[in-house]
Amino acid sequence: LAVKGVQALSPYQPGKPIDELARELGLEPSDIIKLASNENPLGPSEKALAAARSALSDLCLYPDGNGYELKRALSERYGVGMDQITLGNGSNDVLEVITRCFADTESEVVFSQYAFAVYPLVTQAIGARGVCVPARDWGHDLDAMADAITERTRLVFVANPNNPTGTVHTAAAIEAFLAKVPERVLVVLDEAYCEYLTGDDSPDGVRLLSRFPNLIVCRTFSKAWGLAALRVGYSLSSPDIADILNRVRQPFNVDSVALAAATAVLADEAYLERSREVNAAGLKQLAEGFDRMGLKYIPSAGNFIAVEVGDQAAAVYQTLLQHGVIVRPVAGYGMPRHLRVSVGLPHQNDRFLDALAEALTAGG
Ligand code: PMP
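Residues numbered from 1 in each chain as written. Predicted model: local features only at pLDDT ≥ 70, side-chain atom pairs only at ≥ 80, totals over all residues.

## Some thoughts on the domain arrangement of the protein chain
Counted only if it meets this: Residue ranges assigned to each domain were obtained from an automatic or database domain assignment. In this description, a residue-residue contact is defined by the distance between C-beta atoms placed from the backbone, which must lie within 7 Å. Secondary structure elements are taken from DSSP: a helix is a run of H or I of four residues or more, a strand is a run of E of two residues or more, and numbering for both begins at the N terminus. Note on residue classes: Ala, Val, Leu, Ile, Met, Phe, Trp, Tyr, Cys and Pro are nonpolar, Asp, Glu, Lys and Arg are charged, and everything else, Gly too, is polar.
Domain annotation of the protein chain identifies domain 1 (4-43 + 270-361) and domain 2 (46-265). Look at where the C-alpha atoms of domain 1 and domain 2 centre, and you get two points 24 Å apart. Every contact between the two is made by 30 residues of domain 1 and, on the other side, 28 residues of domain 2. Listed by contribution, the elements that provide at least two residues to the side of domain 1 that touches domain 2 are α1 (4-7), α11 (269-293) and β10 (304-308). Considering each element in turn, the side of domain 1 that touches domain 2 owes the most residues, 5 residues, to α11. Its residues assigned to classes, the side of domain 1 that touches domain 2 shows 16 nonpolar, 10 polar and 4 charged.

## Details of the site of the ligand
Selection rule: Near, as applied to residues and a molecule or strand, means the residue's backbone-placed C-beta atom lies within 6 Å of it.
Around the ligand sit 13 residues, and of these Gly90, Ser91, Asn163, Thr220 and Ser222 come closest. Tallied by class, residues from the shell around the ligand come to 4 nonpolar, 8 polar and 1 charged.

## Here we look at the UniProt feature "modified residue: N6-(pyridoxal phosphate)lysine" (unreviewed entry) in the protein chain
What counts is decided by this rule: UniProt positions are given in the numbering used here, feature names are shortened, and annotations may be inferred rather than shown by experiment. We call a residue exposed when 12 or fewer other C-beta atoms sit within 10 Å of its C-beta, buried when the count reaches 20 or more, and partly exposed for counts in between; the C-beta positions come from the backbone.
Taking the numbering used here, the UniProt-annotated feature "modified residue: N6-(pyridoxal phosphate)lysine" (unreviewed entry) corresponds to Lys223. On the basis of neighbour counts, which here come to 26 C-beta atoms within 10 Å, the residue Lys223 falls in the buried class. Contact partners of Lys223, with chain neighbours within four places excluded, come to Asn38, Asn40, Ala192, Tyr193, Glu195 and Asn303.

## Things to note about the sheet that holds strand β9 (residues 297-298)
Quick note on the threshold: Strands pair, by our definition, only if DSSP identifies at least two bridges between them. All axes here are fitted lines through C-alpha atoms, helices being fitted over the stretch that makes contact, and every angle between N-to-C directions spans 0 to 180 degrees.
In space, the 4 strands of this open sheet follow the order β9-β10-β13-β12, with antiparallel pairing throughout. Taken across any chain shown, the strands that pair with only one partner, and hence form the sheet edges, are β9 and β12 (328-329). On top of the sheet, α11 reaches β9, β10 and β13 (338-342); it is set at about 5° to β10, its chief contact.

## Points about unusual backbone geometry
In this structure, the amide linkage connecting Asn160 to the following residue, Pro161, adopts the cis form with an omega of -5°. The linkage connecting Asn163 with the following residue, Pro164, adopts the cis geometry, with an omega of 15°. Unlike most non-glycine residues, Asp137 shows phi in positive territory, near 50°. Residue position: Asp137 is located in the loop between β4 (129-133) and α7 (142-147). The backbone phi angle of Trp138 is positive, close to 70°, even though this residue is not glycine. By the secondary structure assignment, Trp138 is in the loop between β4 and α7. Taking the number of C-beta atoms within 10 Å as the measure of exposure, Trp138 has 18 and is therefore partly exposed.

## Considerations on the nonpolar core
Applicable threshold: We define the nonpolar core as any set of buried residues of the types Ala, Val, Leu, Ile, Met, Phe, Trp, Tyr and Cys, connected via C-beta atoms lying within 7 Å of each other.
Judged by nonpolar contacts, the single largest core of 107 residues is most densely connected at Val156, Val187, Val188, Ala261, Ala262 and Val265. The element that contributes the greatest number of residues to this core is helix α10 (residues 256-265), accounting for 8 residues. Counting contributing residues, this core receives three or more from each of domain 1 (4-43 + 270-361) and domain 2 (46-265). Apart from the residues lying within four places of it in its own chain, the contact partners of Ala262 are Leu70, Phe221, Leu227 and Val232.

## Focus on the UniProt feature "domain: Aminotransferase class I/classII large" (unreviewed entry) in the protein chain
In the numbering used here, UniProt assigns the "domain: Aminotransferase class I/classII large" (unreviewed entry) feature to residues 31-356. Between the end C-alpha atoms of residues 31-356 the distance is 17 Å, and the span holds 38% helix and 17% strand.

## Section: helix α8 (residues 171-180)
Quick note on the threshold: This arc is taken over the directions from the axis of the helix to the C-beta atoms.
Buried within α8 are the following residues: Ile174, Phe177 and Leu178. The arc that holds every buried residue of α8, seen down its axis, measures 100°, which confines them to one face. Of the residues in α8, the exposed ones pointing more than 90 degrees away from the buried face are Ala172, Ala179 and Lys180. In this structure, the buried side of α8 is in contact with α7, β6 (186-190) and β7 (215-220).

## Examining helix α3 (residues 46-55)
Along α3, the residues that are buried comprise Ala48, Ala51, Ala52 and Ala55. Take α3 and look down its axis: the buried residues cluster within an arc of 100°, on one side only. Among the exposed residues of α3, those pointing more than 90 degrees away from its buried face are Arg53 and Ser54. Of the surrounding secondary structure, the elements contacted by the buried residues of α3 are α10.

## A word on the pairing of strand β5 (residues 153-159)
Looking along a regular strand, one sees the side chains alternate between the two faces of the sheet. This is how it is decided: A crossover counts as right-handed when, viewed with the strands pointing away from the observer, the path leading from the first strand over the helix to the second turns clockwise.
Of all 7 residues in β5, 6 are buried; the element is thus mostly enclosed. Of the strand pairs in this sheet, strand β3 (residues 108-112) and β5 are connected by 3 bridges, and their pairing is parallel. Note that in β5 the partner of Val110 across the bridge is Val156. Where β5 meets β6, 5 bridges bridge the pair, whose relative direction is parallel. Across the sheet, residue Leu155 finds its bridge partner in β6, namely Leu186. In terms of handedness, the path from β5 via α8 over to β6 forms a crossover that is right-handed.

Pasting the structure below:
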């Protein structure tokens, strides 16, 4: 019964839930570590928790459909107008709304090999043609992506940093790419992991918005801000684009608890700083562990890292599960020799590295 594009869809594969694995292994959920979904290992910000709790007293009321307080906080933090912001139920929601607004069955949508799985998914769901451009050194080949644009192209997705590879382009490379893209083609710059980038010269799509009216920057509260369960994402764009997106999104797509927590966490600079520190230390710890084991990995700018474990990656994944460690296989991304592991707390990273060493010695 489903339309053609939808019939051919394979569902997005989330990480295995902790409770499910605990039941299978006869363990307590607290014995399991999940490093599979690029979540923040710190647990939520206390400020966000307090705001979420106090929002519970209004559960019988609809949320603010315009997300006024959150938009105001975002607008102050990033120096954009409130009319440039579109809120979503996670940034996945925003990615889907963008695709529905700007592409149709006649359109082509360009993305990179090894790029975030939701781009081909939303493209296929609306029956547009996905144009997957071969990657270079695991990252987006921006020149080839610009060359792949035809008169049918409506959208280009660029993940910076990209998931699952962790590759990142410099601000200059993104700018040079945007300069090549015709204005009638929208560029969706997905910056889900941008808060982990440090340094004044870090790529930052917001700085480019005033110069490129065809740019949409997507961000999320799920990663460095530690609110994945609440599903809050947003895009920043020209007011004209935001106006269109806001017409199509569901009127109450972000709930009151999520709005309150996201607004509060934006004021918790110390939490963000801790997220960055824990992540930088964890990436180093994992990379050093892989070096000791002689494993190759893709240097990552995100809160995860893809490590090459070889032909036996599927078996290694299963053995890790038996040790109560959940990571993410990335064969579905065309990376059958890699596993992606999210950065955890120091003891979690150690447990993963120990389990990995055992799994590799056991031959998978
Ligand atoms: N973009 C990228 C590159 C991601 O890795 C993710 C999460 N895995 C998302 C967007 C979506 O995140 P969310 O829907 O939780 O905001």
